[in-house]
Amino acid sequence: MILFNRRKKEASPTLPVLHTQRLVLRAFDANDAVDVYAIGQSENVARMAGFARHQTLEDSRRMVRDLMNAHWVWAIVEKRTGHVIGLISLQADGARSRVNALKLGYTLGEASWGQGYATEACREIIRYAFEERGCEVLSVSHFPFNAKSRHVIKKLGFACEGLLRCAHGLPDGTACDLMCYSLLKSEYEARKLDK
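An account of the accompanying structure is given in this report. Keep in mind that what you see is a predicted model, and the values were worked out from it rather than measured.

The secondary structure content of the protein amounts to six helices and eight strands. The order of α-helices and β-strands along the protein, N terminus first, is β-β-α-α-α-β-β-β-α-β-α-β-β-α. For the protein, whose C-alpha radius of gyration is 16 Å, the value lies close to the compact-globule estimate of 16 Å for 195 residues. Its C-alpha atoms give the protein principal-axis dimensions of roughly 45 × 40 × 35 Å. Sequence-distant contacts, at least 24 apart, represent 65% of the contacts inside the protein between residues at least 6 apart. Per element, the accessible surface of the protein, about 9900 Å² overall, is 51% carbon and sulfur. Here the protein carries 28 positive and 22 negative side-chain charges, and the mean point of each set is 2 Å from the other.

Laid out in structure tokens, this is it:
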């Protein structure tokens, strides 16, 4: 999943603390750098999220400073351990200008893959986007080679919109395609009624 794009600072409401059964979603703080380093030093995580692998703790400190200033990125904290295991973002979707459209992004540390944490965190952010932020359409994307994100996104009920070619710049200067998906508020509400 594409973590986030470094763009100009967006105005947003204060980042609320959100809770799920196993997770707390909260703002980043400077003490999170060690956990972010454990996540960011993985070549697999960096490749799937589209950022340069963290070589040093200072790389992670810089990223945490950026995340603290973003105001649209939550740390995903495992309640059982108190450690940051990933991050999740919700920002304006610049591709849709006529509706209140938001874009979801997330990444998890490799040690947390395959345990349902991404789905759990995303479900809470989806709820927040539609029920508290008045979102009309929520989008999400992943690199074509990221089968794990594709599985999570499909499980969450997003509809595939197609392939956006040469859409995301990578740290090595190349461009990568993105698979793009969306979920409408009406679809979210219909799924809630089905439960």
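The strand order across the open sheet formed by eight strands is 1-2-3-4-5-6-8-7, and the pairing between neighbours is mixed. Looking along the sheet, the strands with just one partner apiece sit at the ends: strand 1 (18-19) and strand 7 (159-169). Pairing of strand 2 (residues 23-27) with strand 3 (residues 73-78), which is carried by five bridges, proceeds in the antiparallel orientation. Within strand 3, the position partnered with Ala27 by the bridge is Trp74.

The tendency in soluble globular proteins is for nonpolar side chains to be buried as a group. One finds Trp74, Ile88, Leu138 and Phe158 to be the most contacted residues of the largest nonpolar core, which totals 33 residues. The leading source of residues in this core is helix 4 (residues 117-131), at nine residues. Contacts of Phe158, omitting those with residues within four sequence positions, involve Leu104, Ile126, Leu138, Ser139, Val140, Ile153, Tyr181, Ser182 and Leu183. Counting residues in each nonpolar core, the second largest holds 19 residues, with Ala49, Val77, Val84 and Leu87 among its members.

Turning our eyes to something else, we now look at the packing of aromatic side chains. Counted under the stated rule, the structure contains three aromatic pairs. An angle of 80 degrees between the planes, with centres 5.7 Å apart, marks the rings of Trp74 and Tyr128 as edge-to-face. In this pair, Trp74 sits in strand 3 while Tyr128 sits in helix 4, placing the two residues 54 residues apart along the sequence. On the basis of an interplanar angle of 25 degrees and a centroid distance of 5.3 Å, the ring pair of Phe143 and Phe145 is categorised as stacked. Of the residues examined, Phe145 reaches a relative accessible area of 33% and is grouped as partly exposed. One Lys or Arg, Arg47, reaches over the ring of Phe145 and ends 4.0 Å from the middle of that ring.

What follows concerns the packing of helix 1 (residues 33-40) against helix 3 (residues 57-70). Look at helix 1 against helix 3: their axes get within 8 Å of each other, and the N-to-C directions meet at 110 degrees. Looking at the two axes, helix 1 sits roughly perpendicular to helix 3. Where helix 1 crosses over helix 3, the two elements pack in a sense that is right-handed. For the pair helix 1 and helix 3, the contacting residues are Ala33, Val34, Val36 and Tyr37 in the first and Leu57, Ser60, Arg61, Met63 and Val64 in the second. Here the residues of the contact of helix 1 with helix 3 are counted per class, giving seven nonpolar, one polar and one charged.

Turning next to the environment of Leu23. By secondary structure assignment, the location of Leu23 is in strand 2. Residues Leu23 and Asp35, spaced twelve residues apart in sequence, show a C-alpha to C-alpha distance of 15 Å. Beyond its immediate stretch of four places on either side in the chain, Leu23 contacts Leu18, Ile76, Val77, Glu78, Lys79, Ile85, Tyr117, Glu120 and Ala121.

Rules behind the numbers
- Residues numbered from 1 in each chain as written.
- Predicted model: local features only at pLDDT ≥ 70, side-chain atom pairs only at ≥ 80, totals over all residues.
- Heavy atoms only, no water.
- Helix = DSSP H or I, 4+ residues; strand = E, 2+ residues; numbered from the N terminus.
- Rg over C-alpha atoms; globule rule 2.2 N^0.38 Å.
- Contact = heavy atoms within 4.5 Å.
- Areas by Shrake-Rupley, 256 points an atom, 1.4 Å probe, with all protein chains shown as cover.
- Lys, Arg positive; Asp, Glu negative; His and termini not counted.
- Charge placed at Lys NZ, Arg CZ, Asp CG, Glu CD.
- Pairing = 2+ DSSP bridges.
- Core = buried A, V, L, I, M, F, W, Y, C linked by side-chain atoms within 4.5 Å.
- Buried < 20%, exposed > 50% of the residue type's maximum accessible area, 1.4 Å probe, protein only.
- Phe/Tyr/Trp six-rings, centres within 6.5 Å; stacked < 30°, edge-to-face > 60°.
- Lys NZ or Arg CZ within 6 Å of the ring centre and 35° of its normal.
- Axes fitted to C-alpha atoms, helices over the stretch in contact; angles between N-to-C directions.
- Parallel < 35°, antiparallel > 145°, perpendicular 65-115°, else oblique.
- Left-handed = near helix turned anticlockwise from the far one by under 90°.
- Nonpolar A, V, L, I, M, F, W, Y, C, P; charged D, E, K, R; others polar.

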